[in-house]
Each structure stands twice: as structure tokens, then as C-alpha cells.
Amino acid sequence: MTKLTVPIMVQNIEHAHSYAAKAAEAGADLVEYRIDLFTEDAKAVTELVVESPLPCIVTCRPTWEGGLYDGDEDARIAFLEHACVGVRKPAYIDLELVAYERSANLRLKIKGVVDHAEQVKGIDTGLILSSHDFEGRPKDLLQRVAKMAEAELGRVIKVAWAAKSLRDNLEAFEIVQGNYKPTIALCMGEHGLASRVLAKKFGALLTFATLSDEGTAPGQPTVQAIKHVYRWDKLNEKTKVYGVIGEPVGHSLSPVIHNAGFEAVNFDGVYLPMPIEKSYESFKATVGSWIDQKDLDFKGASVTIPHKENLIRFVKEMDGEVEPLTEQIGAANTLAVRDDGSLYACNTDYAGALDAVCGGLGILRDDLAGKSIGLIGAGGVARAIIAGFGGQGCDVQIYNRTMSKGEILVEELGVYAIDRGGSIIAAGLDKLMQSDCDVYINCTPIGMLPKIDASPMEGFAFKQNMIVFDTIYNPAETKLLKDAKAAGCKTISGMDMFVNQAAPQLELWTGQAGPMDVFREALKNKR
Ligand code: NAP
């Protein structure tokens, strides 16, 4: 079973043990004592291990391998030996492959304190041979792995490198699967989270998670996140993988709600942030490689800026199916990889917006026909919402800073709306103040965190019976909504759209209704 391991940079024994006790309480299986800066008293290192509240790894990482120890090499090895002489011994000690290969004298010393084929002292401490690259994937990565696999004294193979793309994770999984020795293969940085969370799916020896946000390597998640967001206890080799694809996605709340949703409907899935840089080529290569890696069970994704158009192009190129209105909108936010391997793309933004407004007003979608909609913005979300409301027979008036973008939307979606009894016209943002609509919808980022004092309708003369909907969900109540509420309008938050667009995604992937109360609760707890 893959061990959840908390690294501790040791300052003194009391601090290290209290941290280890907290790690045990949080659900960790193992701690790694990093003694890089705890090398004044060899006896204290023995005591650190003997009294440890959890089984431990002892590591003294030198500066030349990304650590903090800059002393003498013989002294460093002597500290590792001291870690192994007490009545309780470490589960593992970690030594860099470079150091192991460089010195026969070092190997002789280490041979006396770790388990190996000729060990007669009944010692169970395993030697982790490790290699790290904080710049990127080392060219000789696989040669390094082969050397560790062959090393007489090494029980565990460990490689870690800075990931440049989500594709790096796939190689980490292959390395874990391809070795008969227990293996740890981790990618550092925001692109490497999958290697850390899915280490359990692929049967790695361990993964690292921190108690606070300060880890010992870039990209380590917290124990709280890995256990309670990424469903560590439920992960297994069959777990299906989903994610939110975009750039940036670090701030996205989608992992919080979808993982909570999977838990609530008892679905064997996990949902991760999936950063992919802007170009179509990167999107295609990355998503294609994740789908092709069959053992990964990558079954779908939410897709956000800047890849909503790329998703449609990709699914069409792969001979998949794009839902007709989504094709008309020209932007998709949902990908499903069906059981037969075929792809399906759709857009749940427009349904999410319609349901948020109808739910908020207690009306049916058909009751929207004939309503006038003042819509601010002409970007990706506006496009989906215009198609949604235009398709319900509403008269949509677009007010956008760049008027030509609004006019393009009229050109592309106007006929579709007319066919359904609606209409779409466009004007510049300066005309907004003279407008008089039943419903106003903000589809710009004006008022979003951190600029929460801004409103796209500053100074507007709201009337009591108007409905005002802001697609922004952070903050849940924007300045626009506060002003409108104060004037007696009915207001609807982007949070309602967020949970309403997520629910059909979860339903598509799991076959079960999206648990909106659970989504709302998860968002509330996150705030
Ligand atoms: P987008 O494609 O970048 O479009 C942004 C639109 O806002 C553009 O039309 C842009 O005008 C306008 N705009 C931006 N800054 C402006 C400013 N300072 N003054 C006037 N107009 C400005 O973005 P998007 O994908 O449509 O997203 C828009 C908003 O939707 C986001 O901020 C997000 O909060 C919200 N959203 C909500 C949900 C949800 O589930 N609730 C989901 C996704 C997005 P120009 O055309 O002139 O550039």
C-alpha cells in the first residue's frame, strides 16, 4: 500500500516529534526526517529515530542535490549511520545515487546498516537510492533508474524531476509500473500533482504531502488536500481520472466540488487540476497522451479558458461527437471519454446560467420567452449565455467594450435566436446606462476578486422588478449584486451558475444526478 509520507525539516527533536505526532493524527503513515540542518550532535539523530511517533525515513540532503547540508561527506554518512544504531531503526535511509556510485568506502559503511542479500544482523532498514533534478527531466533519467534497479544495496528506487507538462506524469507512472523494486517517481511543480496523487493508483511505494503549505519540494500537496479533496483513502488501481483543463487552473474550485460530488454519489473517481499552456498543439498532444495511456483511466474533463474552442476542434479531429448547440456556440466546457474510447464534447455553461436564473426566480425555462436581457461582455461565457437565452426566445441586447465582438456574436448566433422566437442585437458599453431590460447579466470580470469594489453597472438606475445575475462567483456577492439588491432587485450569484454547470458534467461522467447541495456545502467550507 502506498504510504502517505510527511517530510519534516528537523530543527530540534521536540519540534520534529510534535510535527510527526500531528502527521500521524492527520493520517500519515510515515515521516521523512530531513536532518540537513540537524547535524551537530550524532546521538540526537539516534534519539530522533528511537522516539519517533511514526516509522521514518532519514535523509541528509546535500546542497549539490537540492538540499541544505553543506558539510563534509564523511560526517554526513556518519549521521546516517547514527540514525541506524538505536533500539528502533528507521524504515529507510535515503542516499543520492551519485554519492552511492562515487565512493566504495561509503558503500561499505552503508552496507553495515541497511538490509541486503548478505546482511546477517537482522536489520530491516531499506536503502532508498534517489536522484533529483529541479530544472527538468534529466536526459539520462532512464539510465539513472536502471542503475538504481541494479544497485546491490538499494531496496527502493526514487526519482524526482521538475515537470514542464502534464505529460511528464505519464513517464513517472511508467517508471513506477516498470520496476520490480519498490519505486517512487514524482514530478515537481504545478504540472506534477498527478504523479503525487495518483502514486497510489500506480502502486508507488510512497508519496509526500505536507502539513502546512511549506513542503520540501515544489508542488507537494497538503495532507488535508490529498486526503479530503483528492480522496486518498478511496484511490485504487481502477479509479477513473478527471480534471479541469485550463491555464491558469490553480485557483479553480472545480476540484473541490467534483471530488466532493464523487464522494457523495460513491463514484470511484478523482478530479485534478490540469494546467495546459495556451496553444492547440499543447492541448492536443497532452490530452491525446492522457487518453492513450489506458492504465490511467482518464475519462473526462471540465475545460476552461483558454481551451474551450480547442476542445471542439480536438474532438472533431478525433472523429468524436460535439453536441449541436455547443458547435453553434463555438466553445465547449465538458469532455467525456466514453467506454468505447470515443469522445464527446458539450457546453454546460448555458444550461448552468439558464437553470441558475430559472431556479432563482422559481420559473420554468419556457417562462423566459419574450424577456429582454441586457448582457454585458462578449467573451466565451457571454457567447454560451447568449445562445442559451436567445434559444429560449429572449431578446438579448449585448453591451460590450469592443463593439465589433458583440456584432460578431449577432452575426453568428442571430439566426439561431430568430428561429426560436428571440433576437440578438449589439451596442457599445456606453449605451448600457440608457437601457431598460427585464434581466441584466454580467459576463465580464469586472468586480471579481481582488477588485471587488468595481461594478460594470456603477451609477445605473436599477428598478425594483429587475433581475440582476452576475456570472462572477468569487466573491459570491459582488458589488453589482449588492447595489442591485439595495435597489430592490432580485439577484442571482455566479455561484448558482457554477454549481448548475457542474451538475450535468458529473451526471455525464457518473450516470448519477449532480449533488448540488453537496457542491454548495463544499464551496462554503472552502471559503
Ligand atoms: P473572456 O472570454 O475573457 O471575456 C471577457 C469579456 O469581458 C470580454 O467581452 C471583455 O471585453 C470584457 N471585459 C474584460 N475586462 C473589461 C473591462 N475592464 N471593462 C469592460 N469590459 C471588460 O472571459 P469569459 O470566459 O467570458 O469569462 C467572463 C467571466 O465569466 C469571468 O470573469 C468569470 O468570472 C465568469 N465565469 C463564471 C462561471 C460560472 O460558472 N459562474 C464560469 C466561467 C466564467 P472585450 O471584448 O472588449 O475584451
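Residues numbered from 1 in each chain as written. Predicted model: local features only at pLDDT ≥ 70, side-chain atom pairs only at ≥ 80, totals over all residues. Heavy atoms only, no water.

A. The arrangement of the nonpolar core in detail. Core analysis: the largest hydrophobic core is formed by 96 residues, its most contacted members being Tyr-33, Ile-35, Leu-198 and Phe-298. When sequence neighbours within four positions are dropped, the list of residues in contact with Ile-35 reads Val-10, Val-45, Leu-48, Val-58, Thr-59, Cys-60 and Phe-79. In terms of nonpolar packing, the next biggest core, distinct from the first, is built from 35 residues, Ile-329, Leu-368, Ala-384 and Ile-467 among them. (Core = buried A, V, L, I, M, F, W, Y, C linked by side-chain atoms within 4.5 Å. Buried < 20%, exposed > 50% of the residue type's maximum accessible area, 1.4 Å probe, protein only. Contact = heavy atoms within 4.5 Å.)

B. Geometry of the site of the ligand. Around the ligand, 23 residues are found, and the nearest of them are Ala-378, Val-381, Asn-400, Thr-402 and Thr-471. Thr-471 places a main-chain nitrogen or oxygen 2.8 Å from a nitrogen atom of the ligand. Phe-498 places a main-chain nitrogen or oxygen 3.5 Å from an oxygen atom of the ligand. Burial of the ligand by the surrounding chains reaches 77%, relative to a free accessible area of 930 Å². (Near = heavy atom within 4 Å. Polar contact = N/O pair within 3.5 Å; in protein donor to acceptor, adjacent residues only side chain to side chain. Areas by Shrake-Rupley, 256 points an atom, 1.4 Å probe, with all protein chains shown as cover.)

C. Representation of a negative patch on the surface within the structure. A surface patch of like charges, here negative, comprises Glu-14, Glu-40, Asp-41, Glu-47 and Glu-51. Relative to the helices and strands, Asp-41 is located in the loop between strand E2 (30-34) and helix H2 (42-50). (Patch = residues over 30% accessible without salt bridge, like charges linked within 9 Å, V, L, I, M, F, W, Y side chains within 5 Å. Salt bridge = Lys/Arg side-chain N within 4 Å of Asp/Glu carboxyl O. Lys, Arg positive; Asp, Glu negative; His and termini not counted. Charge placed at Lys NZ, Arg CZ, Asp CG, Glu CD. Helix = DSSP H or I, 4+ residues; strand = E, 2+ residues; numbered from the N terminus.)

D. Main features of the pairing of strand E19 (residues 467-470). Neither face of E19 is left uncovered, since the one carrying Ile-467 and Phe-469 and the one carrying Val-468 and Asp-470 both have all their residues buried. For strand E18 (residues 439-442) and E19, the ladder comprises 4 bridges, and the chain directions are parallel. Looking at E19, one finds that Val-439 is bridged to Ile-467. Here E19 pairs with strand E20 (residues 490-492) via 3 bridges, running parallel. (Pairing = 2+ DSSP bridges.)

E. Inspection of a nonpolar patch on the surface at higher detail. Taken together, the side chains of Met-448, Leu-449 and Ile-452 define a hydrophobic patch exposed on the protein surface, amounting to about 250 Å² of accessible area. Considering the arrangement of structural elements, one finds Ile-452 in the loop between E18 and E19. For Ile-452, a relative accessible area of 37% corresponds to the partly exposed category.

F. Inspection of the sheet that holds strand E7 (residues 183-188) at higher detail. Reading across from one edge, E7-E6-E5-E4-E3-E2-E1-E8 is the order of the 8 strands in this open sheet, with parallel pairing throughout. Because the sheet does not close on itself, it has two edges, and the strands there are E7 and strand E8 (206-208). For this sheet, the mean angle separating the axes of adjacent strands, direction not counted, is 25°. In this structure, E2 lies alongside strand E3 (residues 56-59), joined through 4 bridges in parallel fashion. (Axes fitted to C-alpha atoms, helices over the stretch in contact; angles between N-to-C directions.)

G. Seen up close, the packing of aromatic side chains. Within the structure shown, the criterion is met by 11 aromatic pairs. Between the aromatic rings of Trp-290 and Phe-298, the centroid separation amounts to 5.6 Å while the plane-to-plane angle is 85°, which identifies the pairing as edge-to-face. Both rings, one in Tyr-440 and one in Phe-460, keep their centres 5.1 Å apart while their planes meet at 65°; by these two values the pair is edge-to-face. On the criterion of sequence distance, the pair formed by Tyr-440 in strand E18 and Phe-460 in the loop between E18 and E19 is long-range, its members being 20 residues apart. (Phe/Tyr/Trp six-rings, centres within 6.5 Å; stacked < 30°, edge-to-face > 60°.)

H. Just the pattern of salt bridges, in detail. Tallied over the full model, the rule gives 31 salt bridges. Between Asp-94 and Arg-61 there is a salt bridge, with its nearest N and O atoms 2.8 Å apart. Of this pair, Asp-94 sits in strand E4 (residues 92-96) while Arg-61 sits in the loop between E3 and helix H3 (73-83), and the two are 33 residues apart along the sequence. Considered together, Asp-94 and Arg-61 belong to a single accessibility category, that of buried residues. Here Arg-102 makes a salt bridge to Glu-73, at a shortest N to O gap of 3.7 Å. On the criterion of sequence distance, the pair formed by Arg-102 in helix H4 (residues 97-102) and Glu-73 in helix H3 is long-range, its members being 29 residues apart. Accessibility expressed as a relative area gives 52% for Arg-102, which makes it exposed. Owing to a relative accessible area of 23%, Glu-73 belongs among the partly exposed residues under this scheme. Bridged by salt links that share partners, the residues Arg-61, Glu-73, Arg-76, Asp-94, Glu-96 and Arg-102 form one connected network.

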